[in-house]
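# Observations on chain architecture
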Amino acid sequence: LMANEIEREQWSGAVGAVWVRRQEDLDLLLASVTDLLMERAELGQGKRVLDLGCGAGDSTLAAARAVGPEGRVTGVDAAAQLLELGRSRAAAAGLGNIDWHQGDAQTE
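These lines cover the structure that appears in this document, whether it is placed above or below. (Residues numbered from 1 in each chain as written. Predicted model: local features only at pLDDT ≥ 70, side-chain atom pairs only at ≥ 80, totals over all residues. Heavy atoms only, no water.)

## Re the nonpolar core
Rules: The set of buried Ala, Val, Leu, Ile, Met, Phe, Trp, Tyr and Cys residues whose side-chain atoms join them within 4.5 Å is what this entry labels a nonpolar core. Categorising residues by exposure relies on relative accessible area from a 1.4 Å probe, with only protein chains included: less than 20% of the type maximum marks a residue as buried, more than 50% marks it as exposed, and the intermediate range marks it as partly exposed. Each helix is a run of DSSP H or I of at least 4 residues and each strand a run of E of at least 2, with the numbering of both proceeding from the N terminus. Whether two residues touch is decided by their heavy atoms; if any such pair falls within 4.5 Å, the residues are in contact.
Formed by Val 49, Cys 54, Leu 61, Ala 63, Ala 64, Val 67, Val 73, Leu 83, Ala 90, Leu 95, Ile 98 and Trp 100, the largest nonpolar core amounts to twelve residues. For this core, the secondary structure elements donating two or more residues are helix 4 (58-67), helix 5 (80-93) and strand 3 (98-102). Top contributing element to this core by residue count: helix 4, with four residues. Ignoring anything within four residues of it in the chain, the contact list for Leu 61 reads Arg 89, Ala 90, Leu 95 and Ile 98.

This is the structure:
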């Protein structure tokens with residue numbers, strides 16, 4: 001197997017499952033990074049955003065709020081289970097301006 005195939009299998013299996021279970025803890029752990037990223041990105045209403053390696057979508061959701069309903073965010077991650085969690089979080093938050101895509105940013 002090529003390196004990315006191994007990574008994809010791990011993230012689609014046990015590693016991804018841990019991130020799904022620990023999503024709230026990981027969001028808290030990474031909150032200062034997400035806050036700084038949103039500040040530096042200077043996102044405004046109507047902008048388009050690509051979030052590579054979006055995981056369960058914390059930064060994707062933040063970007064979707066920042067760009068508003070006129071903007072669009074695309075979240076890309078290799079782990080299907082993290083994307084599914086991101087989709088459900090977006091739906092619960094009423095955010096319909098996000099497209100979720102399963103893929104490997106390194107090879108696609």
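## Here's the deal with the sheet that holds strand 1 (residues 48-52)
In plain terms, the rule: Between any two strands, at least two bridges found by DSSP are needed for them to pair. Each axis is a line fitted through C-alpha atoms, and for a helix only the stretch in contact is used; angles between axes span 0 to 180 degrees, taken between their N-to-C directions.
One open sheet accounts for three strands, arranged 1-2-3; its pairing is parallel. Strands at the two margins of the open sheet, each flanked by one partner only, are strand 1 and strand 3. The average angle at which neighbouring strand axes cross in this sheet is 15°, direction not considered. Pairing between strand 1 and strand 2 (residues 72-77): five bridges, direction parallel. Its bridge partner lying in strand 2, Val 49 is registered against Val 73. This element, helix 4, spans strand 1, strand 2 and strand 3 of the sheet and lies at about 170° to strand 2. Strands strand 2 and strand 3 of the sheet are contacted by helix 5, whose axis makes an angle of about 170° with strand 3.

Any link to function would need more than the numbers given here.
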